[in-house]
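Architecture and fold: a report
Chain by chain, the residues:
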Amino acid sequence: MNRKIVFPTNEHHGLLSKRDAHFGRANFYTVVEVSREGNIEDVLVVKNEGHKASGCGGAVENICVLGADALIVSGIGGSPLQGFAQKGLAVYHDNTSVNVQQSIQAFLADQLTLMQPDMSCSHH
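Conventions and cut-offs
- Residues numbered from 1 in each chain as written.
- Predicted model: local features only at pLDDT ≥ 70, side-chain atom pairs only at ≥ 80, totals over all residues.
- Heavy atoms only, no water.
- Helix = DSSP H or I, 4+ residues; strand = E, 2+ residues; numbered from the N terminus.
- Polar contact = N/O pair within 3.5 Å; in protein donor to acceptor, adjacent residues only side chain to side chain.
- Contact = heavy atoms within 4.5 Å.
- Buried < 20%, exposed > 50% of the residue type's maximum accessible area, 1.4 Å probe, protein only.
- Arc of directions from axis to C-beta.
- pLDDT = per-residue confidence, 0-100.
- Salt bridge = Lys/Arg side-chain N within 4 Å of Asp/Glu carboxyl O.
- Core = buried A, V, L, I, M, F, W, Y, C linked by side-chain atoms within 4.5 Å.

Along the polypeptide, Arg 19 turns up in the loop between strand 1 (3-9) and strand 2 (28-34). Polar side-chain contacts of Arg 19 include one of 3.0 Å to the backbone oxygen of Ser 97. Not counting residues up to four positions away in its chain, the partners in contact with Arg 19 are Phe 7, Pro 8, Thr 9, Ile 72, Val 73, Ser 74, Asp 94, Ser 97, Val 98, Asn 99, Val 100 and Ser 103.

Turning next to helix 2 (residues 78-87). Within the span of helix 2, buried status applies to Pro 80, Leu 81, Gly 83 and Phe 84. Projection of helix 2 onto a plane perpendicular to its axis shows the buried side chains occupying an angular sector of 160°, all on one side. In helix 2, the exposed positions that point more than 90 degrees away from the buried face belong to Ala 85 and Gln 86.

Mean pLDDT for the protein: 87, with 90% of residues reaching 70 or above. When mean pLDDT is compared element by element in the protein, helix 3 (residues 100-108) scores highest at 97, while helix 1 (residues 56-64) scores lowest at 75. Residue range residues 53-57 is modelled with pLDDT below 50. Its contacts to residues more than four positions away, or to other chains, number 3 contacts.

Per the counting criterion, the structure on display carries 2 salt bridges. In this structure, Arg 19 engages Asp 94 in a salt bridge whose closest nitrogen and oxygen atoms are separated by 3.8 Å. With Arg 19 in the loop between strand 1 and strand 2 and Asp 94 in the loop between strand 5 (90-93) and helix 3, this residue pair connects regions lying 75 residues apart in the sequence.

With 17 residues, the main nonpolar core has Val 6, Phe 23, Ile 63, Leu 71, Ile 76, Phe 84 and Val 91 as its most contacted residues. Those elements that place two or more of their residues in this core are strand 2, helix 1, strand 4 (70-73) and helix 2. Sort the elements by how many residues they give to this core and helix 1 lands first, with 3 residues. Residues Ile 5, Phe 7, Val 32 and Ile 72 belong to the second largest nonpolar core, which totals 12 residues.

Relative to the elements of secondary structure, Gln 102 occurs in helix 3. A relative accessible area of 37% places Gln 102 in the partly exposed class. A sequence separation of 84 residues divides Gln 102 from Lys 18, and the C-alpha atoms of the two residues are 9.8 Å apart.

Rendered as structure tokens:
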């Protein structure tokens, strides 16, 4: 079964898109579908509809509706991190990869750590 890994990005350049530091404000979500064997099967770029009136809960729903199995961020607020945990969506930390391609390679090599509550940004 394939997995869908979501990356907040500000560009529509597929795997070469630069990652955005704040998932809720990113212009796009780049969705990478990966096979069980670790092969990239598909790359889809989706416009971020934003927080809307529901705040960070809306941003959580925007990711979940994509059928995501994991979200990779460089930072996230405590409230959305908790929202993803309640939905059963794994959130991984990567603050070194510049683009999606580098980050998916780190993910597939098990070099990323799961975000913990004490790693969240304090402004959310």
